[in-house]
Amino acid sequence: MITHEQIPTVLDHPVYDTDGSKIGDAKHVFLDDATGEPEWVSVKTGLFGTSESFVPIHDASIVEDHLEVPYPKDTVKDAPNVDVDAGGRLSEDEEHRLYEHYGLDWGAAWQQANQPGEGGWAHPGTAAGTTVPARGDTDAADAAAMSGTARPEAGQDDAMTRSEERMHVGIERREVGRARLRKYVVTEDVQQTVPVRREEVRVEREPITDENREAAMAGPDISEAEHEVILHEERPVTETETVPVERVRMTTEEHTEEETVRGQVRKEKIDTEGVDDEDRRGT
């Protein structure tokens, strides 16, 4: 539970969910119109903080320099869009939708806000359980002036403020794909021709001459004999070795392209009534 004294500590400070993810910055704190206790905090979310989401503050707590709420970041960012009126109040329908989004018991809250007790019934003309901005937030007169419906009080400037929306375009970096290097083994057939040698038997006959007669007559005259010759041949033998052949790496290159972003913005215009054309001042 956030007390009234802690409201200045909450405003413009970060808001985190229970997982430690930053949701945004607290912009406004809203009080319950029946009990006067802090009930909602609006958080600036989205690109450049252009969106504002409401989150219950009843079970929130201040941790060091930030506010921690018991809801995931995505749940807060997906909360129903609420436009606070010139009086700075949430309507009964708007608060009902927020209760349903966060899974809160709307029926119990409605009965509590409308039962007799301390502070009496809900204020007449105000929906039960609706909220008003806390002190330090934009007051009703300023909100009315921004909406173009304020009436000047005594001693105040009677000028009307005209506002318009501006579109801010930013860039976010996101992952679009992944590339990887993968090495695998394939088997290929290779062919290479090499010369091989082999021995063959050739019978040579030579006649008896005076030069070889002595060797020819060295043995017995008539006998049996046997002579063996060993033959040789060459055969191809293969072996493999692993050698590095190249190095492969992946790099990224950035290419800059221009894209046109379109959106819609609102702006206020001021018309005059009961003023002559020559005195009319447009904006």
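Look above for the structure.
Every residue gets a number counted from 1 within its own chain, in the order that chain's sequence is written. Under the rules for a predicted model, residues below a pLDDT of 70 receive no local features and side-chain atom pairs below 80 are neither given nor counted, while totals for whole chains, interfaces and linings still include all residues. Only hydrogens and water are set aside when side-chain values are computed; all heavy atoms of the structure are taken into account.

Engineer: Describe the pattern of salt bridges, listing the residues and the values that go with them.
Structural biologist: In the sections that follow, a salt bridge refers to a side-chain nitrogen of Lys or Arg positioned within 4 Å of a carboxyl oxygen of Asp or Glu. Summed over all chains, the structure comprises eleven salt bridges. Linking Glu164 and Arg166 is a salt bridge whose minimum nitrogen-to-oxygen distance equals 3.0 Å. Judged by its relative accessible area of 35%, Glu164 falls in the partly exposed class. Between Glu233 and Arg235 there is a salt bridge, with the nearest N and O atoms lying 3.3 Å from each other. Several salt bridges converge on common partners, so that one network encompasses Arg162, Glu164 and Arg166. Summary of the burial criterion: residues with accessible area below 20% of their type's maximum are buried, those above 50% are exposed, and those between are partly exposed, where the area comes from a 1.4 Å probe applied to protein chains only.

Engineer: Could you give me a rundown of a nonpolar patch on the surface, with the residues and numbers involved?
Structural biologist: Here a patch means residues that are over 30% exposed by relative accessible area and free of salt bridges, tied together within 9 Å if like-charged and within 5 Å if nonpolar (Val, Leu, Ile, Met, Phe, Trp, Tyr). With residues, only the protein chains shown are counted as cover, and all accessible areas are computed by Shrake-Rupley using a 1.4 Å probe. Together, Met167, Val169, Val261 and Val265 line one region of the surface with nonpolar side chains, adding up to about 340 Å² of accessible area. The class for Val265 is partly exposed, based on a relative accessible area of 45%.

Engineer: An account of the nonpolar core is needed here, citing residue identities and associated values.
Structural biologist: Nine residue types can take part in a nonpolar core, namely buried Ala, Val, Leu, Ile, Met, Phe, Trp, Tyr and Cys, and a core is a set of them joined through side-chain atoms within 4.5 Å. One finds Trp40, Val41, Val55, Leu67, Val69, Leu98 and Tyr102 to be the most contacted residues of the largest nonpolar core, which totals 28 residues. The element contributing the most residues to this core is strand β2 (residues 22–32), with five residues. By definition, any uninterrupted DSSP run of H or I lasting at least four residues is a helix, any uninterrupted run of E lasting at least two residues is a strand, and each is numbered from the N terminus.

Engineer: Pulling in residues and values, what's your account of the side chain of His66?
Structural biologist: Checked against the element boundaries, His66 lands in strand β6 (residues 66–68). Overall, His66 belongs to the buried group, its relative accessible area being 14%. Whenever a nitrogen or oxygen atom comes within 3.5 Å of another N or O atom, the pair is scored as a polar contact, on the condition that within protein one atom can donate a hydrogen and the other can accept it, and that pairs from neighbouring residues in sequence are kept only if both atoms are in side chains. Within polar-contact distance, the side chain of His66 engages the side chain of Asp65 at 3.5 Å. Note on definitions: a residue-residue contact is assigned when non-hydrogen atoms from the two residues lie within 4.5 Å. For His66, the residues in contact, after removing those within four places along its chain, are Pro14, Tyr16 and Ser61.

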